[in-house]
Amino acid sequence: MPRTARDVVFVDGVRTPFGKAGPKGLYAETRADDLVVRAIRELLRRNPSLPPERVDEVAIAATTQTGDQGLTIGRSAAVLAGLPKSVPGYAIDRMCAGAMTAVTTSGAGISFGSYDVVIAGGVEHMGRHPMGEGVDPNPRFLADRLVDPSALVMGSTAENLHDRFPEITKDRADAYAVRSQQKVAAAYAAGKIQPDLVPTAIRSAEKGWGLATEDEPPRPGTTLEDLAKLKTPFRVHGNVTAGNAAGLNDGATACLLAAEDVARELGLTPRMRLVDFSFAGVEPEVMGVGPVPATERLLARNAMTMDDIGLIEINEAFAVQVLAFLEHFKIADDDPRVNPWGGAIALGHPLASSGVRLMNQLARLFEERTDVRYGLTTMCVGMGMGGTVLWENVNWEGAK
């Protein structure tokens, strides 16, 4: 019998505070799998009407699937979180868009009818597992000139974007980065970000046990003068610095997705509805432009334009990558629709976990902005890809 697609809703999302990667970072002595377990347990605690046995799948992403990020982390995290042994799980790798892909893949399963309820998310401990750890790129990438050598270094791809878009100057990128820091500081002061954060136990040899309750990377008070002094490590006299790019970070995210009818049956409150998603490939040398074709394809398929989009959560891997997206769609650098509470330049970007952070913030913004019907979460992806997800605000006032 033919199946009818079901509406998929985002019910809830949480994340650990993001830490700086390295021996002095928040999570230097914390396991990656324990981070994502903490997020899963918090989801279950916040949604007591959900019987744990009703979770049909746990999809968890990690870019570097080794050590404490290996062992099919979706399944191992499900067991460690105390879910029934009957609940399966799996691991995903689409680099930066790992958690985003966990959501779209498992969400498609809900729409198809294979699942009713799923947990999706991601984790990255870049302090324990630096990007590229254990990777052995095939020599044909370079020998056969399939890609330029710069394609394998994310910072170099950002410098390439500056070359392709000379109108995006270093000053312009720095100005965007300062605004991101300012918006995050304002959001923290207003208590906007804290509701999604899961207090997470930490320990260090120097201080013993502690509790992480806020993000470590933000640098409030950053000025253009501060950023102008930073080195350009990827190119002599370049444009990309540690100040106008996301840092190396540790952290985990998790969210609860369900069929809309099942969510209401179980007493769960939908916060936004999954409308559609799209992934697209681009030249690996300019991977930062990936969100452009992914978004174009998505808008065209839904007979929409950017004028129909009221909120845009775009991952700030590099300021130039965001600005290339805005430039293409003729959106002002300071358009209020874009990352109203700041982004990864300030908050951090623990690779595979970031997609759900974008969704968490969009869901919170939708609650405040009932005048907005549609929003996007979008990001660039290493090796030349982009991903975009279209969401509908279930509290949109025009539906009443």
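Everything numeric in this text was worked out from a predicted model, so none of it was measured.

Caption draft 1: Looking closely at the overall build of the chain. For the chain, the helix and strand inventory stands at 12 helices and 12 strands. Relative to a compact globule of 400 residues, whose C-alpha radius of gyration would be 21 Å, the chain shows 20 Å and is just as compact. Overall, the C-alpha framework of the chain stretches about 60 × 55 × 50 Å when taken along its three principal axes. For the chain, the share of sequence-separated contacts (at least 6 apart) that also reach a separation of at least 24 residues comes to 79%. By element, 53% of the accessible surface of the chain is carried by carbon and sulfur atoms, the whole surface being about 16100 Å². Of the charged side chains in the chain, 41 are positive and 50 negative, and the gap between their average positions amounts to 3 Å.

Caption draft 2: Seen up close, the pairing of strand S10 (residues 311-314). Going residue by residue along S10, you find Leu311 and Glu313 tucked away on one face and Ile312 and Ile314 tucked away on the opposite face as well. Looking at chain direction, S10 and strand S11 (residues 374-381) are connected through 4 bridges and run parallel. For Leu311, the partnering residue across the bridge sits in S11 and is Gly375.

Caption draft 3: Structural context of the packing of aromatic side chains. For the coordinates displayed, the defined rule picks out 3 aromatic pairs. Considering the side-chain rings of Phe277 and Phe279, the 6.2 Å spacing of their centres and the 65 degrees angle between planes classify their relative orientation as edge-to-face. Looking at Phe277, the relative accessible area reads 28%, which means it is partly exposed. Under the relative-accessibility criterion, Phe279 is labelled buried at 17%. Their ring planes at 55 degrees and their centres at 4.9 Å tell us that Phe325 and Phe329 sit as a pair that is tilted. Sitting over the face of the ring of Phe18, Arg15 holds its NZ or CZ atom 4.4 Å from the ring centroid. For the cation-ring pair, Arg94 lies above Phe279, with the distance from its terminal atom to the ring centre recorded as 3.7 Å.

Procedures and definitions
- Residues numbered from 1 in each chain as written.
- Predicted model: local features only at pLDDT ≥ 70, side-chain atom pairs only at ≥ 80, totals over all residues.
- Heavy atoms only, no water.
- Helix = DSSP H or I, 4+ residues; strand = E, 2+ residues; numbered from the N terminus.
- Rg over C-alpha atoms; globule rule 2.2 N^0.38 Å.
- Contact = heavy atoms within 4.5 Å.
- Areas by Shrake-Rupley, 256 points an atom, 1.4 Å probe, with all protein chains shown as cover.
- Lys, Arg positive; Asp, Glu negative; His and termini not counted.
- Charge placed at Lys NZ, Arg CZ, Asp CG, Glu CD.
- Buried < 20%, exposed > 50% of the residue type's maximum accessible area, 1.4 Å probe, protein only.
- Pairing = 2+ DSSP bridges.
- Phe/Tyr/Trp six-rings, centres within 6.5 Å; stacked < 30°, edge-to-face > 60°.
- Lys NZ or Arg CZ within 6 Å of the ring centre and 35° of its normal.

Read these as geometric descriptors, not functional statements.
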